[in-house]
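So you can see what is in the structure, the chains are spelled out below.
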Amino acid sequence: GATIINMSFGKYYSPNKAMVDEAVKYALSKAVLMIHAAGNESKNADSILSFPHREMSGGVIASNWIQVGASAYKP
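In this text, all values refer to a predicted model and were calculated from it rather than measured experimentally.

### Quick notes on the confidence of the model for the chain
Here comes step 1: Predicted confidence across the chain gives a mean pLDDT of 84, with 96% of residues reaching 70 or more.
Here comes step 2: Per-element mean pLDDT across the chain ranges from 89 in strand β3 (residues 65-68) up to 91 in helix α1 (residues 17-29).

What follows is the structure, given as structure tokens:
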């Protein structure tokens, strides 16, 4: 019965991307909002993808996905 899923995880490869894409599509069909952490490694999330990712195979963008990041001064 969840309407929001916090996905505070990620990795730089996806061995079963098709399976994950199907889970994202299922969540969308049930009006579930997915919140995904952008990572803590100070990497540019626009150019270095972590998975799961809101862009599914075929270029479809999940509309039920929010990518959350943080910014801070880095000495």
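After that view, the rundown keeps rolling.
### Regarding the environment of F51
Here comes step 1: You can see F51 is positioned in the loop between β2 (33-37) and β3.
Here comes step 2: Sequence-wise, F51 and P15 are 36 residues apart; in three dimensions their C-alpha atoms are separated by 9.8 Å.
Here comes step 3: Apart from residues lying up to four places away in sequence, F51 is in contact with G10, K11, Y12, Y13, S14, K17 and H36.

### Topic: unusual backbone geometry
Here comes step 1: Even without being glycine, A31 reaches a positive phi, approximately 60°.
Here comes step 2: Take A31: it is sitting in the loop between α1 and β2.

### Here's the deal with the sheet that holds β2
Here comes step 1: Spatial ordering of the open sheet is given by β1-β2-β3, a layout of three strands whose pairing is parallel. Edge positions in the sheet fall to β1 (4-7) and β3, since each has one partner strand and no second. If you compare each strand with its neighbour and ignore which way they point, the axes differ by 20° on average.
Here comes step 2: As paired strands, β1 and β2 are joined by four bridges and run parallel to one another. Paired with I4 across the strands is L33, a residue of β2.

### Overview of the nonpolar core
Here comes step 1: M7, V24, A27, V32, M34, M56, A62 and W65 form the largest nonpolar core, which has eight residues in total.
Here comes step 2: Not counting residues within four places of it along the chain, the set of residues in contact with M34 comprises I5, M7, V24, A27, N64, W65 and I66.

### What about the environment of E55?
Here comes step 1: For E55, the position within the fold is in the loop between β2 and β3.
Here comes step 2: On the basis of relative accessibility, which here comes to 37%, the residue E55 falls in the partly exposed class.
Here comes step 3: Sequence separation of E55 and H36 is 19 residues, and the distance between their C-alpha atoms is 13 Å.
Here comes step 4: Excluding residues that lie within four positions of it along the chain, E55 makes contacts with K17, V60 and I61.

Criteria and cut-off values
- Residues numbered from 1 in each chain as written.
- Predicted model: local features only at pLDDT ≥ 70, side-chain atom pairs only at ≥ 80, totals over all residues.
- Heavy atoms only, no water.
- pLDDT = per-residue confidence, 0-100.
- Helix = DSSP H or I, 4+ residues; strand = E, 2+ residues; numbered from the N terminus.
- Contact = heavy atoms within 4.5 Å.
- Pairing = 2+ DSSP bridges.
- Axes fitted to C-alpha atoms, helices over the stretch in contact; angles between N-to-C directions.
- Core = buried A, V, L, I, M, F, W, Y, C linked by side-chain atoms within 4.5 Å.
- Buried < 20%, exposed > 50% of the residue type's maximum accessible area, 1.4 Å probe, protein only.

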